[in-house]
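Chain residues, written in single-letter form:
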Amino acid sequence: MAKLQKRIKARSITIKFILWFLVISLVPLIIATYISYSSSCKLLEEAVSKSLLAVADNKANQVEAFLREKEEGIETLSRTPEIINAIELFDVAYDKGGVESEEYKMAYEKFGPLLAYYQRRFGYDDVYLIRSYGDVVFSVNKKDALHSIYIYEPYKDSQLSRLFIEVSMSPEPKISDFEYSPRTKEGAIYIAAPVFKEDRVIGAVVAQMGNKGIFEVVRDYKGLGRTGEIVLASKFGETISFITPLRFDPDAAFKRRIKFGSPEGLAEQKAIQGEKGSGISVDYRGKEVLAVWRYLPSFRWAMVAKMDTDEVYDSAGKLRNTLFVISLGLLALVVIMAVIIANSIANPIRELTKVSGVIANGDLSARARIKSKDEIGELAQSFNQMTDSLLEAKASVEQKKAELEVQKRLLEKANKELDSFVYTASHDLRAPLRGIVAFANFLEEDYKDQLNKEGQDFVKEIKEGAKRMNDLIDDLLKLSHISRIQNPYEDVNMNELLDAVVKRLDFDIKEINADLKIQKNIPIIRCDRIKMTEVFLNLINNAIKFSSKNNKESPRVAVDYAEENEFHKFSVKDNGIGIDPQYHEQIFGLFKRLHTQEEYEGTGAGLHIVKRIIDDHNGEIWVESEPGKGAAFYFTIPKDIEKKKKKIGEILVEEGLITEENLKDALKKQEKDKA
Amino acid sequence: MIKKLLLIDDNEQDKKIIKRFLNKAGYHNIVTASTGEEGVEKEKTEDPDLVITDTVLPGIDGFMVCAKIREFRGPGKPKVIVITGAIDAVDAVKARKSGADDYCAKTSDFMPLLEAIKKLK
């Protein structure tokens, strides 16, 4: 997993390119595909709708024409004299003794063949004659079922009886709704026309027709594709029933029903309520279809021309699939291109990175091998040039370093010699000085009586001169001691250190009655304890010395501490005579004095010693003061004092002129040389 | 009780000064020597109660003088005080190791030396 992540990271330019290319190409591709797909869908929808509408119109006309023809047949029959005669004859014969009577048989022989001929001729299933009382007096096929349509089954409350009532009150022929007969398991409609004799209705001629003829009209699926069909449905009570077999359900006629409000057959439900329209709908199978629906008012039927949306959008789907395949191909191409472009950029960069890694490890002879002439090639070239210069710079730095080391060693040697000279000189100076002081004392003690006032004054001057010289030698010794002796850094409790300093200065503090305030709770600080004591001794002593000459105020000295980001900051302030800013640099010089010996005693080495100690600690020291306004000495001690103690080599490494490795090698070599 | 002292120092002035302070402090029987070797010899012949020796001497140094006396005499007598022109922590340890009873700096009034002698009693 980690390896994979590393790999991905390593190839991040390639990945980025691929992602960007994909984003850039995917968006328009998706938009284009979507637009072309949806517009082709719309176009297809419109085209199919149009053709469905045309088919529906055509079929509606055909159905209408078909039924009108049947209706006209009956109407014609109702006006033929034979039929009028036949009804009258059957009427009489039926009353004479029913079907079995001689009269009826004679009437049947006379008119039966003619009616049967009409039935066949017009394509009816049956032809009935009904007399005005409502009795069926003749039937081509059902000779046994001649009853009153009001009283007897199967006519009671049937479409036939209802139609007869309608027809006997109107001069027009009528067509009934379909009726389903559980006995024959078939549906039928009746077409009836009243039969008049001298403006009096004497009965009606009725044709019975199944759904076969209509089915013949609508079963022609030409122009309806694989799933298209014309559906005819009629209202049966609270349900809608199909009146012809369906393309996907040959047994549907009169058996398959749709309840109002059900989610299926929505177009049929709309059409039966008289609506006309088209659109996406759900058919009797619950399938999504594109449908055109209308109501045929003449027969109170719903007509729906429909086609599965799957088929409608089939070609759009094919288009979409083609587009999808093309898109995939394009995307693959884009990815390959992205990889190629990314690699053409990333590979040289990787090469450069590798080479710079090698160079960073110290092998300056490594060079980037990139031959291309483009910007990357230029980069590689200038990279190589840079490495060349680096090599040169390194060589010159090495040389400089060696020179510096030599100089440094010479300087160190000279310093050491100087220090030891100062040490020996001051040491050797002390012995004769001791003599001068001692013998001057002896002179004063043993021969005071023999000296006049002037002689005594001279002895005093000798002693004073000697004392001053002693002080100078003391300071010189201290200075050489500070240079020679490097005490180890330790964690110093500054509060204790300052207490000790104050104790040592106790006499002077009490003598001038100085108000010395030292901040409490200073943290532990890593430094040279002995030298730091020297710093505070000198600074506080100076402060006491100079504040004691303030005539207006009583002497005040304050030692404060502040913790800064990277160092500790101390201050020693007094309310003494102050120092003119022009001397602020000078005062840290050796034996620099701003005042005469009479005004302020001291050799002028104190601040120089303090500065050297602070320099040794890599800290800084400065003074803020104006004449008459007291003086404030500030100094800092770095917190990471060990780290801050930089050697020249470390500075070179920091500046990037040499590597850590170079330094280590050089130090090893130096130690070897020493050994 | 210290009665006889041997003072070893190559600096005649210091010798003179020390002798004066010792006289004033009540010590009059004082033998002097100017080199380490002479000091060691004088100690053998004179048998002093206290030897005062400078550190820096021509020939063997004060510490060696001290060590040789201790080698010859064993601990106790004579007492030995090492004096020096410049006080040094390393020298103090060296003096102690060579068998000296005390170690002090030369000052113009030689108070440290007089105090050290007083402490020996």
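Here is what the cut-offs are and how they apply
Residues numbered from 1 in each chain as written. Chains lettered and ligands numbered in written order. Predicted model: local features only at pLDDT ≥ 70, side-chain atom pairs only at ≥ 80, totals over all residues. Helix = DSSP H or I, 4+ residues; strand = E, 2+ residues; numbered from the N terminus. Buried ≥ 20, exposed ≤ 12 C-beta atoms within 10 Å, placed from the backbone. Contact = placed C-beta atoms within 7 Å. Pairing = 2+ DSSP bridges. Axes fitted to C-alpha atoms, helices over the stretch in contact; angles between N-to-C directions. Core = buried A, V, L, I, M, F, W, Y, C linked by C-beta atoms within 7 Å. Expected span 1.5 Å × (residues − 1). Parallel < 35°, antiparallel > 145°, perpendicular 65-115°, else oblique. Left-handed = near helix turned anticlockwise from the far one by under 90°. Nonpolar A, V, L, I, M, F, W, Y, C, P; charged D, E, K, R; others polar. pLDDT = per-residue confidence, 0-100.

Okay, the overall build of chain B next. Along the backbone of chain B there are five helices and five strands. Residues counted as buried form 36% of the 121 residues belonging to chain B. In chain B, once contacts between residues fewer than 6 apart in sequence are set aside, the share between residues at least 24 apart is 59%.

Moving on, we get to the overall build of chain A. Of regular secondary structure, chain A possesses 18 helices and 19 strands. Counting all 675 residues of chain A, 31% fall into the buried class. Taking all contacts inside chain A whose residues are at least 6 apart in sequence as the whole, residues at least 24 apart take part in 59%.

Let us look at the sheet that holds strand β4 (residues 79-84) of chain B. All names here are of chain B. With respect to topology, five strands assemble into an open sheet ordered β2-β1-β3-β4-β5, the strand pairing being parallel. Taken across any chain shown, the strands that pair with only one partner, and hence form the sheet edges, are β2 (29-33) and β5 (102-105). Between one strand axis and the next, the sheet turns through 20 degrees on average, direction left out of account. In this structure, strand β1 (residues 4-8) lies alongside β2, joined through five bridges in parallel fashion. From the neighbouring strand, Ile8 faces β2, where its bridge partner is Ala33. Of the strands in this sheet, β1, β2 and β3 (50-54) touch helix α2 (residues 36-46), which is tilted by about 170 degrees from β1.

With that settled, consider the nonpolar core. All names here are of chain A. The biggest cluster of nonpolar side chains holds 83 residues, and the ones touching the most others in it are Phe90, Ala192, Val205, Val206 and Met303. Here this core takes 10 residues from helix α2 (residues 12-79), the largest share from any one element. In terms of nonpolar packing, the next biggest core, distinct from the first, is built from 38 residues, Ala514, Met532, Ala543 and Ile621 among them.

In this section: helix α3 (residues 81-97) of chain A. All names here are of chain A. The end-to-end C-alpha distance of α3 is 25 Å, a good match for the 24 Å that 17 residues give at a rise of 1.5 Å each. Among all positions of α3, only Ile83, Ala86, Ile87, Leu89, Phe90, Asp91, Ala93 and Tyr94 are buried. Among the structural elements, α2, α4 (102-122), β1 (126-131), β2 (136-139), β5 (186-197) and β6 (200-209) are those in contact with the buried residues of α3.

With that settled, the discussion passes to helix α15 (residues 606-616) of chain A. In terms of burial, α15 of chain A is a largely internal element, nine of the 11 residues being buried. Trailing α15 of chain A by a residue or two, Asn618 of chain A shows a phi angle of about 60 degrees, which is positive.

Let us look at the sheet that holds strand β19 (residues 631-638) of chain A. Residues and elements named next belong to chain A. Strands sit in the order β14-β16-β17-β19-β18 across an open sheet of five strands; the sheet is mixed. Every interior strand has two partners, whereas the edge strands, β14 (515-518) and β18 (621-625), have only one. Within this sheet the neighbouring strands show an average axis-to-axis angle of 15 degrees, counted without direction. Relative to strand β17 (residues 567-574), strand β16 (residues 556-563) runs antiparallel, the two sharing seven bridges. Opposite Tyr561, over in β17, you have Phe570 as the bridge partner.

Before going further, it helps to examine the packing of α2 of chain A against helix α9 (residues 314-360) of chain A. Residues and elements named next belong to chain A. Their axes nearest at 9 Å, the elements α2 and α9 cross at an angle of 165 degrees. The orientation of α2 with respect to α9, classified from their angle, is roughly antiparallel. Here α2 runs over α9; the crossing is right-handed. Counted by class, the contact of α2 with α9 contains 23 nonpolar, eight polar and one charged residues.

This paragraph deals with unusual backbone geometry. The omega torsion across Lys77 of chain B and Pro78 of chain B is -10 degrees, close enough to zero to call that bond cis. Along the chain, Pro78 of chain B turns up in the loop between α3 (62-73) and β4. Phi is positive for Asn618 of chain A, close to 60 degrees, though the residue is something other than glycine. On the secondary structure map, Asn618 of chain A appears in the loop between α15 and β18.

Before going further, it helps to spend a moment on the confidence of the model for chain B. Predicted confidence across chain B gives a mean pLDDT of 87, with 97% of residues reaching 70 or more. The complex model carries a pTM of 0.45, and its ipTM stands at 0.82.

Here we take up the environment of Lys42 of chain B. Residues and elements named next belong to chain B. Within the secondary structure, Lys42 sits in helix α2. Note on Lys42: 18 C-beta atoms within 10 Å, which makes it partly exposed. Once residues lying within four places of it in the same chain are set aside, the contact partners of Lys42 are Leu6, Val31 and Ala33.

Next up on the list: the environment of Gln159 of chain A. As for its placement among the helices and strands, Gln159 of chain A is situated in helix α5 (residues 159-168). Ignoring anything within four residues of it in the chain, the contact list for Gln159 of chain A reads Ser176, Asp177, Glu179 and Tyr190 of chain A.

Looking now at the interface of chain A and chain B. Listed by partner, the interface residues are eight residues for chain A and nine residues for chain B. Across the side of chain A that touches chain B, the residue classes tally to four nonpolar, two polar and two charged.

Once that is clear, we can look at the packing of helix α12 (residues 494-504) of chain A against helix α14 (residues 529-547) of chain A. All names here are of chain A. Between α12 and α14, the least distance of the axes is 10 Å, while the angle of their chain directions is 50 degrees. Judged by the inter-axis angle, α12 sits oblique to α14. For α12 against α14, the interelement crossing comes out right-handed. Contacts between α12 and α14 involve Leu497, Leu498, Ala500, Val501 and Arg504 on the former and, on the latter, Arg529, Met532, Thr533, Phe536, Leu537 and Ile540. Per-class residue counts for the contact of α12 with α14 are eight nonpolar, one polar and two charged.

Residues and elements named next belong to chain A. Inspection of the sheet shows β18 paired to β19 by five bridges, in the antiparallel sense. Bridge pairing in β19 links Ser625 to Ala631. Adjacent in sequence and paired antiparallel, β18 and β19 are bridged by five residues, among which Gly628 carries a positive phi angle near 80 degrees.

Residue and element names in this part refer to chain B. Locating Glu71 in the fold gives a position in helix α3. On the basis of neighbour counts, which here come to 11 C-beta atoms within 10 Å, the residue Glu71 falls in the exposed class. Along the chain, Glu71 and Gly99 lie 28 residues apart, while their C-alpha atoms are 9.3 Å from each other.

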